[in-house]
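Remarks on the overall topology
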Amino acid sequence: MDSPASPALQRQVASLYQAESRRVLATLIRLLGDFDLAEEALQDAFIAAMEQWPRDGIPEQPRAWLVSTGRFKAIDTLRRRARFDTSQEEIARRLEKDVPPPGEEEELEDDRLRLIFTCCHPALPADARVALTLREVCDLTTEEIASAYLVATPTMAQRIVRAKNKIRQAGIPYQVPERQELNERLDSVLQVIYLVFNEGYFASSGENLTRPDLSREAIRLGALLVELLPESEARGLLALMLLIEARRPARLDHQGDLILLEDQDRSLWDQELIQQGTALVEHALGEGRFGAYTLQAAIAAVHGEAASADQTDWPQIVGLYDVLLRTSPSPVIELNRAVAVAMRDGWEAGLKLVDELLADGQLDGYLPARAARADLLRRLGRHQDALRVYQEALTLSRQGAERRLLEKRVAELSSAPHLRYNALLRINR
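Residues numbered from 1 in each chain as written. Predicted model: local features only at pLDDT ≥ 70, side-chain atom pairs only at ≥ 80, totals over all residues. Heavy atoms only, no water.

Helices and strands together make up the secondary structure of the protein chain, namely 20 helices and zero strands. The burial tally for the protein chain puts 48% of its 429 residues in the buried class. Across the protein chain, every contact between residues at least 6 apart in sequence was considered, and the portion connecting residues at least 24 apart equals 63%. Carbon together with sulfur atoms contributes 50% to the accessible area of the protein chain, which is approximately 21,200 Å² in total. (Helix = DSSP H or I, 4+ residues; strand = E, 2+ residues; numbered from the N terminus. Buried < 20%, exposed > 50% of the residue type's maximum accessible area, 1.4 Å probe, protein only. Contact = heavy atoms within 4.5 Å. Areas by Shrake-Rupley, 256 points an atom, 1.4 Å probe, with all protein chains shown as cover.)

Rendered as structure tokens:
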């Protein structure tokens, strides 16, 4: 009879699960060729560890032991299923005969990279890539992912199941793409990581502005990608996330309300993250093959080195946006550039650019464009116009903290003495 695991051993196994389970899972997926079977095998391997290690001791290479045990547990599972489906026996024989367990550390690490690229394959819908990455690479539960994206748990579970089925049915390869395919596939991976980070840093909806756990997972993924595939844009994305994450301590007041960048107490910014991010930016720029993420990180680095909004090098930021627009033209980037121009050249110059963008129609329904226009009108003293545009922006808001900020602006403008006076004039007429 196996000895029960001591509390100390239980803590060791729990720590090992936290540190190694995603690595073990990645290798099991490669060996078994099936996400669900690999997940079951992973759990069986850790159960076996809790049963056998109190008697035999922790092996010298626990990760390899878990992979090997999980693989044989999966073969046993397939043989049990073969009683009802003879094809399972053939799969079990093939796994036992043809696929030796990995023994090299490098191969185990490569499996993690393979898993990231598989979960982020461009053949999968964007929402499925995000969900599958969070589930399989980050080990978030389906309930946690559903909560982060404000969908029902069964809906999110179906999304993940469909993604796994798509991988199996379409024969999506479990591999890092060849060099000629790498740029397209790497773009998809970087996009998924950035989507996860953005949802954690500025939630698209709900009462809570941030999900720090999602931001941390995105940064962890970004660091892993740089470690395993040190491409310049991977460094650029990691730099961007670190530089933005550095501002988190100053983003909310004690009531959980949003504090805009120019009003933040910059002494609260995490200087260690700023230094790490800036070093990564300089490295990526020095390689000469940088793209949109590196340029955005360079802009964030300029903000990070400024003691206040007034002391920010706005000409440099506008110049970086000019380069970014040539690299990755986008109306959203044009909007950000317009705000930087307003800080450099004055509110009228910025408002002119924002109005041109809105007239073009590409930013219809985009709340930040309405909010930027309202803010510029407010700064120019055009309070009635600003009030109307803030009210338009409110109809687009689904985020609690953001909505409260807009409501605060509406209340301030509605109670302004000059507005009450104008209202009386209209009534007297």
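Axis angle and axis distance: for two packed helices, these are the angle between their axes and the distance between the axes, and together they describe the pair. Where helix 11 (residues 232-245) meets helix 13 (residues 292-305), the axes come as close as 7 Å, and the angle between the chain directions of the two elements is 35°. The handedness of the crossing between helix 11 and helix 13 is left-handed. On helix 13, the residues that touch Ser232, Glu233, Gly236, Leu237, Ala239, Leu240 and Leu243 of helix 11 are Ala292, Tyr293, Thr294, Gln296, Ala297, Ala300 and Ala301. For the contact of helix 11 with helix 13, the per-class residue count stands at nine nonpolar, four polar and one charged. (Axes fitted to C-alpha atoms, helices over the stretch in contact; angles between N-to-C directions. Left-handed = near helix turned anticlockwise from the far one by under 90°. Nonpolar A, V, L, I, M, F, W, Y, C, P; charged D, E, K, R; others polar.)

Throughout the structure, instances matching the rule amount to 28 salt bridges. For the salt bridge of Arg248 with Glu245, the shortest nitrogen-to-oxygen distance reads 2.7 Å. Exposure class is identical for Arg248 and Glu245. Each is buried. The closest approach of N and O atoms between Arg378 and Asp375, which form a salt bridge, is 2.6 Å. Pair noted here: Arg378 and Asp375 are both in helix 17 (residues 367-379), with a separation of three residues, about one helical turn. When salt bridges with common partners are traced through the structure, they connect Arg370, Arg382, Asp385, Arg388 and Glu392 into a single cluster. (Salt bridge = Lys/Arg side-chain N within 4 Å of Asp/Glu carboxyl O.)

A separate point is the confidence of the model for the protein chain. Residues of the protein chain with pLDDT of at least 70 account for 87%, and the chain-wide mean is 85. Segment residues 101-106 is flagged for pLDDT under 50; beyond a separation of four residues in sequence, or across chains, it makes nine contacts in the model. (pLDDT = per-residue confidence, 0-100.)

Scanning the entire structure with this criterion turns up four aromatic pairs. Residues Tyr17 and Phe46 carry aromatic rings whose centres are separated by 4.9 Å and whose planes lie at 70° to one another, so their mutual orientation is edge-to-face. A residue pair is termed long-range when its members are at least 10 positions apart, and Tyr17 in helix 1 (residues 7-32) and Phe46 in helix 2 (residues 35-56) qualify at 29 residues. With relative accessibility at 6%, the residue Phe46 sits in the buried group. A cation sits over an aromatic face here: Arg247 above Trp269, 5.9 Å from the ring centre. A cation over an aromatic ring shows up here: Arg251 above the ring of Tyr201, its NZ or CZ 3.7 Å from the ring centre. (Phe/Tyr/Trp six-rings, centres within 6.5 Å; stacked < 30°, edge-to-face > 60°. Lys NZ or Arg CZ within 6 Å of the ring centre and 35° of its normal.)

Let's shift gears to the packing of helix 15 (residues 331-345) against helix 16 (residues 347-360). Viewed as axis vectors pointing N to C, helix 15 and helix 16 meet at an angle of 165°, and their least axial separation amounts to 6 Å. As the angle between them shows, helix 15 and helix 16 are arranged roughly antiparallel. Considering only the axes of helix 15 and helix 16, their crossing is right-handed. Side by side, helix 15 and helix 16 meet where Pro331, Glu334, Leu335, Arg337, Ala338, Val341, Ala342, Met343 and Asp345 of the first sit next to Trp347, Ala349, Gly350, Leu353, Val354 and Leu357 of the second. Its residues assigned to classes, the contact of helix 15 with helix 16 shows 11 nonpolar, one polar and three charged. (Parallel < 35°, antiparallel > 145°, perpendicular 65-115°, else oblique.)

What follows concerns the environment of Ser21. Tracing the backbone shows Ser21 in helix 1. Using a relative accessible area of 1% as the deciding quantity, one classes Ser21 as buried. Considering only alpha carbons, one finds Ser21 and Leu66, 45 residues apart in sequence, at a separation of 9.0 Å. Residues contacting Ser21, with those up to four places away along its chain left out, are Leu16, Leu42, Phe46 and Asp139.

Glycine aside, the phi torsion of most residues is negative, and most peptide linkages are trans. Positive phi, close to 65°, is recorded for Asp139, a residue that is not glycine. Looking at the secondary structure, you find Asp139 in the loop between helix 6 (126-137) and helix 7 (142-148).

What follows is about the environment of Val13. Looking at where Val13 falls in the secondary structure, it is placed in helix 1. Of the residues examined, Val13 reaches a relative accessible area of 6% and is grouped as buried. Along the backbone, Val13 and Phe46 are 33 residues apart, and their C-alpha atoms lie at a distance of 7.8 Å. If sequence neighbours within four positions are ignored, Val13 has contacts with Phe46, Met50 and Trp53.

All right, on to the side chain of Arg22 then. Structurally, the position occupied by Arg22 is in helix 1. Residue class for Arg22 comes out buried when judged on its relative accessible area of 14%. Of note is the side chain of Arg22, whose polar atom sits 3.5 Å from the backbone oxygen of Arg135. If we skip the residues at most four places from it in the chain, Arg22 touches Tyr17, Leu42, Arg135, Glu136, Val137, Cys138 and Asp139. (Polar contact = N/O pair within 3.5 Å; in protein donor to acceptor, adjacent residues only side chain to side chain.)

A cluster of like negative charges, contributed by Glu178, Glu181, Glu184 and Asp187, occupies part of the molecular surface. With respect to the element layout, Asp187 can be found in helix 9 (residues 179-201). (Patch = residues over 30% accessible without salt bridge, like charges linked within 9 Å, V, L, I, M, F, W, Y side chains within 5 Å. Lys, Arg positive; Asp, Glu negative; His and termini not counted. Charge placed at Lys NZ, Arg CZ, Asp CG, Glu CD.)

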